[in-house]
Structure formats: C-alpha cells, structure tokens
Amino acid sequence: MKVAIVGGTGYGSIELIRLLQMHPHVEVSAVVSHSQSDSALADIYPHVTGVLNYTLESMDIAKLKESIDLVFFATPSGISMKYAPEFIENGVKCIDLSGDFRLKNLDEYEQWYKGLPAPKAFVESAVYGLSEFYENQIKSASLIANPGCYPTATLLALLPILKRGIIDPNTIVIDGKTGASGAGRGLSLSTHYTELNDNVRAYKIGEHQHTPEMEQTIYAETNQLTKVTFSTHLLPMTRGIMCTIYAALEEPLSTADVLQQYRGFYQNKPFVRVRSEGNLPTTKEVYGSNFCDIGVHVDDRTGRVTIVSVIDNLVKGASGQAIQNMNIMNGWNQTTGLMQLPVYP
Ligand SMILES: NC(=O)C1=CN([C@@H]2O[C@H](COP(=O)(O)OP(=O)(O)OC[C@H]3O[C@@H](n4cnc5c(N)ncnc54)[C@H](OP(=O)(O)O)[C@@H]3O)[C@@H](O)[C@H]2O)C=CC1
Ligand SMILES: CC(=O)N[C@@H](CCC(=O)OP(=O)(O)O)C(=O)O
C-alpha cells in the first residue's frame, strides 16, 4: 500500500517514517513539506543518511490522489481540515494526527483550539482513533481523528474502571507530565535548553485543548457528563508522557481487585500492559514503543485510587497509534510493524 505523509519536517512525520520503514505492507511514496520542498530528508534529518533517500515534495493533491491509498497528516491544527476533504472525496483515506477532527462539537473546537473548525460533515464522519476502544468503527473509516497524546494515556487508564462504575467520575484529577518532543520541532522559549533543563513547568492550566477531548470520550463511553481537572507539566526529557490520575472509589476495593478489572479489559489488547501490584510504570519502560503501561495503587486510608499511565508521546501518543489504526483499517494484524521493544536504558 502507498502512503503519503504531510508535515514532512516535523517530529510526527519523522517518527512515522521510522516506524513505517519496518512495516511489511507499506511504502512511503511521498513526504510533503510546505516549507522545505525539494530538500533531501537526509539534509534535514542526517540520521537517515544512507538509509532513506526521500526528497520532500510540495503538496500536489491532483498527483497524490491518483497514486496514494492513504495520507497521514502530521501538521498543526488548522491544516488537515483544508486538504483531507478532497482526498476523502477521491477515495484516499486519511489519518490526522492533529486535533482538527476530534471534537464533535464545533463550538468546543473554536473555544479550545482558537480557530475555525473543520467542515461539519467531515467532523461527523471522522472516527476517533483510540484503537483499543473503537476497532470496529476504525475498520470501516475513511477519516481517522487520531487521539491526542494526553487523552490516549488518560482514557486508556480511566475508561475500563469508569465503564464498570468503580470510580466516581466527578472526582477525577489528571496530573499530566510530558517531555519536550510533545511540543514539536519548532523552537519556543519553554523548550529552550536553559528554560527546560533542571526545571519543571506547569503549562496551559485550565485551558489545555485535550480537556474537551477526554470529556467527550468519557461521555460517549459512560453517558455521564463529567468535568475533569487536568493539569500539564513540561519535564526535561525528550519523549514520554506520564498521567497520574486520582479518583474516589465508589466502593471499597483493593489494589488487586482494581488490577483484576484492568486485566480482564485488556487481555486481548497487545499494546496495553497492566502491571502487577507494587509495580508502577516509568516513561523509560515504554520509550520508542507503542505500549501503554498502567499501574494502580488503592489508598485504603482515603478511599482513592491512583492510576499511573505511561506512553511514548510520539509513538502510542501519535505516529504509532496512527499506524495501529492504519493496520486495523486494512484488516492487518494491529501489531504489524509495531511490536518492537522499548529502547532501554
Ligand atoms: N509531538 C507529539 O508528541 C504529538 C503531536 N501531535 C500532533 O501531531 C501534529 C504534528 O506534531 P509534530 O510533528 O510534533 O509537530 P512539528 O511542529 O514537529 O511538525 C509539524 C509540521 O507541520 C508542518 N507545518 C507547520 N505549519 C504548517 C502550515 N502552516 N501549513 C502546512 N504545514 C505546516 C511543518 O512541516 P513542513 O514545513 O515540512 O510542511 C512542521 O514541521 C500536531 O497537530 C500535533 O499537535 C499529536 C500527539 C502527540
Ligand atoms: C509539550 C507540549 O506542548 N505538548 C503539547 C502536546 C499536544 C499535542 O501534541 O497536540 P494535539 O492537540 O494535536 O494533540 C501540548 O500539551 O499541547
């Protein structure tokens, strides 16, 4: 199958290229760049030298729609909404790593992303690509709204116990921590070495664009309108997200009881690994992989459960999950090209 990647010089793109290089059924036929077309990818990313010979191309929909089966958009919000409709109308499937098609309520998109929303019909037809929960819908989708990185780590941790009524949805607090690659390759003051190193910074408190995405999915899965408290922190590391999540238990349960619920839920889901009691995951243990690792601790004193969920933001949080969704759309085993171990140490 032939695919194109748009947003060629960004981190999402270079991670798609890295992962797809190991995929047995896919050829990356075009890497599209609006800023550096005609440049060699190896000049921008010298680590691919001698292995990949791509020359970046400018966007040419007329040409691409004749030669490509699927397009990955690894672009900032506001871009895929301009191009994906024409591809889809011409039978080319699209997987969008940005937030353009995630929020079904267009007013919420305007409020949280501070821009005009995508055309309603395409937002309505887009399937939210949380692979472990929407496999059936993903199979027949033309347009995938790939989830945000924090919602991936958070929803995989919360939905099993929310759906089983184990926690009170009105008590959820999500403490998110991320590495700097989450902000993309562009330069900014907060990812400047001297601002990032030896430092921890809370950011976008009360205004993070992933908040409505989480609440929308919790509502879709539980029929409960919930407002979550969600805070995000930037840490001096390259990759990784840890969401530490707190909620009140509806009834007294032990850590072992709660872990048992997760195990039942994820027993046939190869990318979600539920840890044993007393074994909480670290970001390094999923680095470079498509795994989401989940650990749990119940505090009998407070009646609260703490859930720790880790992913690599660029893999399960973006490009890896996008490939997992492509696999599902094509009827391939969802692990195809994705089962490598994390890089450790
Ligand atoms: N980084 C992460 O961990 C995650 C990222 N995402 C989302 O994935 C998308 C890509 O993220 P990421 O790769 O990290 O971001 P980067 O900033 O690293 O890359 C985005 C790329 O998009 C292209 N681009 C930028 N502006 C425009 C424009 N005006 N028109 C067309 N293309 C443009 C650029 O490539 P070029 O100049 O070559 O066209 C740029 O390099 C974003 O929507 C991000 O929010 C989602 C989950 C996690
Ligand atoms: C460090 C940092 O800035 N991380 C980004 C990650 C979000 C992202 O990648 O964007 P989407 O909205 O497309 O999911 C953030 O917190 O906004």
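Remember, predicted model here, so these are calculated numbers, not experimental data.

Looking at this structure, I do not really get the packing of helix H8 (residues 149-163) against helix H11 (residues 255-266). What am I missing?
The relative placement of two packed helices is expressed as an angle between their axes plus a distance between the axes. Running from N to C, H8 and H11 cross one another at 105 degrees; their axes reach a closest spacing of 10 Å. Our classification of the angle between H8 and H11 gives roughly perpendicular. Together, Leu-156, Ala-157, Pro-160, Ile-161 and Lys-163 of H8 and Val-258, Tyr-262, Phe-265 and Tyr-266 of H11 make up the contact between the two elements. Per-class residue counts for the contact of H8 with H11 are eight nonpolar, no polar and one charged.

Even after reading the chapter, I still don't get the packing of aromatic side chains, so can you show me in this structure?
The geometry of two aromatic rings is summed up by the distance between their centres and the angle between their planes. Following the criterion strictly, the structure yields eight aromatic pairs and no others. Pairwise contacts between aromatic rings join Phe-133, Phe-265 and Tyr-266 into one cluster. Looking at Arg-273, its charged tip hangs above the ring of Phe-291, at a distance of 3.9 Å from the centre.

Would you explain the UniProt feature "domain: Semialdehyde dehydrogenase NAD-binding" (unreviewed entry) in the chain in this entry?
As recorded in UniProt, the feature "domain: Semialdehyde dehydrogenase NAD-binding" (unreviewed entry) lies at residues 2-141. Helix makes up 36% of residues 2-141 and strand makes up 15%, while its end C-alpha atoms are separated by 17 Å.

Would you mind showing me how to read the site of ligand 1 here?
Around ligand 1, the surrounding shell holds 24 residues, and the nearest of these are Gly-12, Ser-33, Ser-35, Thr-75 and Arg-185. At 2.5 Å, a side-chain N or O of Ser-35 approaches an oxygen atom of ligand 1. With the chains in place, 80% of the 880 Å² that ligand 1 exposes on its own is no longer accessible. Taken together, the elements giving at least two residues each to the shell around ligand 1 come down to helix H1 (11-20) and helix H12 (315-329). For the shell around ligand 1, the residue count by class is eight nonpolar, 15 polar and one charged. Two domains each donate at least three residues to the shell around ligand 1, and these are domain 1 (2-125) and domain 2 (150-313).

How do you make sense of the sheet that holds strand E11 (residues 272-274) when you look at a structure like this?
An order of E8-E9-E7-E10-E13-E12-E11 is seen for the seven strands of this open sheet, with the pairing classed as mixed. Each of the sheet's edge strands pairs with one partner strand only, and the pair in question is strand E8 (201-203) and E11. Across this sheet, the average inter-strand angle for adjacent strands is 20 degrees, counted without regard to direction. Pairing geometry for strand E7 (residues 173-178) and strand E10 (residues 241-248), over six bridges, is antiparallel. If you follow Ile-174 over to E10, its bridge partner there is Ile-245. Sheet strands touched by H11: E11, strand E12 (292-299) and strand E13 (304-311). Its angle to E12, the strand with the most contacts, is close to 155 degrees.

For this particular structure, what's the right way to read helix H10 (residues 211-222)?
Every α-helix winds through 3.6 residues per turn, so residues three or four apart in the chain are directed the same way. The end-to-end C-alpha distance of H10 is 17 Å, a good match for the 16 Å that 12 residues give at a rise of 1.5 Å each. Counting buried positions along H10 gives 10 out of 12 residues, so the element sits mostly inside the fold. All buried positions along H10 are accounted for by Thr-211, Pro-212, Glu-213, Met-214, Glu-215, Gln-216, Thr-217, Ile-218, Glu-221 and Thr-222. Of the surrounding elements, those touching the buried residues of H10 are helix H5 (106-113), strand E5 (127-128), H8, E7 and strand E9 (229-234). Backbone geometry just after H10 places Asn-223 at a positive phi near 65 degrees.

Help me understand the UniProt feature "active site" (unreviewed entry) in the chain in this model?
UniProt's feature table lists "active site" (unreviewed entry) at Cys-149, given in the numbering used throughout. If you trace the backbone, Cys-149 turns up in helix H8. You can call Cys-149 buried: its relative accessible area is 15%. When near neighbours in sequence (up to four residues on either side) are disregarded, Cys-149 contacts His-210, Ile-241, Ile-311, Asn-313 and Gly-317.

Would you take a moment to explain the side chain of Glu-213 for this structure?
Summarising the element assignment, Glu-213 is placed in helix H10. For Glu-213, a relative accessible area of 1% translates into the label buried. Here Arg-102 takes part through its side chain, which lies 3.1 Å from a polar atom of the side chain of Glu-213. From its side chain, Glu-213 meets the backbone nitrogen of Gly-148 in a polar contact 2.8 Å long. Beyond its immediate chain neighbours, meaning those up to four positions away, Glu-213 contacts Arg-102, Leu-103, Tyr-113, Tyr-128, Pro-147, Gly-148 and Pro-151.

Could you clarify how one ought to interpret the pattern of salt bridges in this entry?
Side chains carrying opposite charge are able to pair once their charged atoms draw close together. Using the criterion set out here, one finds 15 salt bridges in the structure. Among the ionic pairs, Lys-120 bridges to Glu-124, the shortest N-O distance being 3.0 Å. Remark: Glu-124 and Lys-120 occur in helix H6 (residues 120-125); sequence separation between them is four residues, near one turn of the helix. Relative accessible area serves as the criterion here: at 51%, Lys-120 is assigned to the exposed category. One salt bridge in this structure joins Lys-177 and Asp-175, with 2.7 Å as the shortest N-O distance. Its relative accessible area of 14% is what places Lys-177 among the buried residues. Salt bridges sharing partners connect three or more residues here, namely Glu-15, Arg-18, Arg-239 and Asp-312.

Rules used in this analysis
Residues numbered from 1 in each chain as written. Chains lettered and ligands numbered in written order. Predicted model: local features only at pLDDT ≥ 70, side-chain atom pairs only at ≥ 80, totals over all residues. Heavy atoms only, no water. Axes fitted to C-alpha atoms, helices over the stretch in contact; angles between N-to-C directions. Helix = DSSP H or I, 4+ residues; strand = E, 2+ residues; numbered from the N terminus. Parallel < 35°, antiparallel > 145°, perpendicular 65-115°, else oblique. Contact = heavy atoms within 4.5 Å. Nonpolar A, V, L, I, M, F, W, Y, C, P; charged D, E, K, R; others polar. Phe/Tyr/Trp six-rings, centres within 6.5 Å; stacked < 30°, edge-to-face > 60°. Lys NZ or Arg CZ within 6 Å of the ring centre and 35° of its normal. UniProt positions renumbered as here; feature names shortened; annotations may be inferred. Near = heavy atom within 4 Å. Polar contact = N/O pair within 3.5 Å; in protein donor to acceptor, adjacent residues only side chain to side chain. Areas by Shrake-Rupley, 256 points an atom, 1.4 Å probe, with all protein chains shown as cover. Domains from an automatic or database assignment. Pairing = 2+ DSSP bridges. Expected span 1.5 Å × (residues − 1). Buried < 20%, exposed > 50% of the residue type's maximum accessible area, 1.4 Å probe, protein only. Salt bridge = Lys/Arg side-chain N within 4 Å of Asp/Glu carboxyl O.

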